Amino acid sequence: NAGVMQNPRHLVRRRGQEARLRCSPMKGHSHVYWYRQLPEEGLKFMVYLQKENIIDESGMPKERFSAEFPKEGPSILRIQQVVRGDSAAYFCASSLPQDEQYFGPGTRLTVT
Amino acid sequence: AQRVTQPEKLLSVFKGAPVELKCNYSYSGSPELFWYVQYSRQRLQLLLRHISRESIKGFTADLNKGETSFHLKKPFAQEEDSAMYYCALSGRTGGYNKLIFGAGTRLAVHP
């Protein structure tokens, strides 16, 4: 089992562009969490998804951010019209129902 | 408000010395508490959780509800313990673990 995969590992975008971050959960896991880590801060919960459903998006900014976890394929975190303040490390984690979360290596987004 | 506080950004000790990484939390209800560790160039991984009450790699942590603390302790630090440590809590809202993390403490163990 390769563990949770995230790509790209590093992403550079100019202000106004779109960023797409992908997360492939561990085999057999149908629950995905996304977290954001700003410099010098801890990870902050963004969204929790199950296959084809957003269960809790209470940590997502109201605009420009969206997430999906389709029936086939990875979970996608999409940031439209990126701004400098979006620069951060984005982590995804996957789990079985009500079980331990396994984290991916993260995607470091830099907005220039 | 739900919050996890780790007051120390950096804790520097010598090999063989005792270690205590502090964690305080604020939560109305019965949270589940965790310690996560991130070694250099590795991904974040669960170290221990309070409900299991076990010792991992010589580390223990006791939940003190009166002081709302969940400090991580090890009697004799090893160089391989050098890493970033994050305390986290979960309220298990709706049957899933929405984790709230502290800012982390970097433990540096010197030879």
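See the structure shown above.
Remember, it's a predicted structure, so these values are computed and weren't measured experimentally. (Residues numbered from 1 in each chain as written. Chains lettered and ligands numbered in written order. Predicted model: local features only at pLDDT ≥ 70, side-chain atom pairs only at ≥ 80, totals over all residues. Heavy atoms only, no water.)

Chemist: Can you explain the state of the cysteines? Please cite residues and give values.
Modeler: Overall, the coordinates contain two disulfides over all chains when judged by the stated rule. Two residues, A:Cys23 and A:Cys92, share a disulfide whose sulfurs are 1.7 Å apart. Across the disulfide from A:Cys23 to A:Cys92, rotation about the S-S bond amounts to roughly 40 degrees, and the bridge is consequently right-handed. Here A:Cys92 lies in strand β9 (residues 88-95) and A:Cys23 lies in strand β3 (residues 19-24), a separation of 69 residues in the sequence. Both residues of the pair, A:Cys23 and A:Cys92, belong to the buried class. Disulfide partner of B:Cys23: B:Cys87, at an S-S distance of 2.0 Å. An S-S torsion of about -65 degrees defines the bridge between B:Cys23 and B:Cys87 as left-handed. Taken as a pair, B:Cys23 in the loop between β3 (19-21) and β4 (24-26) and B:Cys87 in strand β9 (residues 83-90) lie far apart in primary sequence, 64 residues in all. (Disulfide = S-S within 2.5 Å. Helix = DSSP H or I, 4+ residues; strand = E, 2+ residues; numbered from the N terminus. Buried < 20%, exposed > 50% of the residue type's maximum accessible area, 1.4 Å probe, protein only.)

Chemist: Outline the nonpolar core, listing residues and values.
Modeler: Judged by nonpolar contacts, the single largest core of 26 residues is most densely connected at B:Trp35, B:Leu47, B:Leu48, B:Phe70, B:Leu72 and B:Tyr85. Listed by contribution, the elements that provide at least two residues to this core are β2 (10-14), β3, β5 (32-38), β6 (45-49), β9 and β11 (105-110) of chain B. Ranked by residues supplied to this core, first place goes to β9(B) with four residues. In this view, B:Leu48 contacts B:Leu33, B:Phe34, B:Trp35, B:Glu54, B:Ile56, B:Phe59, B:Thr60, B:Ala61, B:Phe70 and B:Leu72; residues no more than four positions away in its chain are not counted. Core analysis: the next-biggest nonpolar cluster, separate from the first, contains 23 residues, A:Val4, A:Leu11, A:Trp34 and A:Leu77 among them. (Core = buried A, V, L, I, M, F, W, Y, C linked by side-chain atoms within 4.5 Å. Contact = heavy atoms within 4.5 Å.)

Chemist: Residue-level account of the environment of B:Asn97, with values.
Modeler: Residue and element names in this part refer to chain B. The residue Asn97 is located in the loop between β9 and β10 (99-101) in this model. Linking Asn97 and Pro111, residues 14 residues apart in sequence, is a C-alpha distance of 38 Å. At 2.8 Å, the side chain of Asn97 forms a polar contact with the side chain of Ser90. (Polar contact = N/O pair within 3.5 Å; in protein donor to acceptor, adjacent residues only side chain to side chain.)

Chemist: Kindly report on the sheet that holds strand β8 (residues 72-74) of chain B, identifying the contributing residues and their values.
Modeler: Residue and element names in this part refer to chain B. In space, the three strands of this open sheet follow the order β3-β8-β7, with antiparallel pairing throughout. Two strands bound the open sheet, and with one partner strand each, they are β3 and β7 (60-61). Taken together, the three bridges between β3 and β8 define a ladder with antiparallel strand orientation. If you follow Leu21 over to β8, its bridge partner there is Leu72. (Pairing = 2+ DSSP bridges.)

Chemist: Would you mind going over the sheet that holds strand β1 (residues 5-7) of chain A in detail, with residue names and values included?
Modeler: Residue and element names in this part refer to chain A. Across the sheet, which stays open at both edges, the four strands sit in the order β1-β3-β8-β7 with antiparallel pairing between neighbours. Each end of this open sheet is capped by a strand with a single partner; those strands are β1 and β7 (65-68). Within this sheet the neighbouring strands show an average axis-to-axis angle of 15 degrees, counted without direction. (Axes fitted to C-alpha atoms, helices over the stretch in contact; angles between N-to-C directions.)

Chemist: So what about the pairing of strand β6 (residues 53-56) of chain A? Which residues, and what values?
Modeler: Of the pairings in the sheet, the one linking strand β5 (residues 43-50) of chain A to β6(A) comprises three bridges and is antiparallel in character. Following the sheet pairing, A:Gln50 is matched in β6(A) by A:Asn53.

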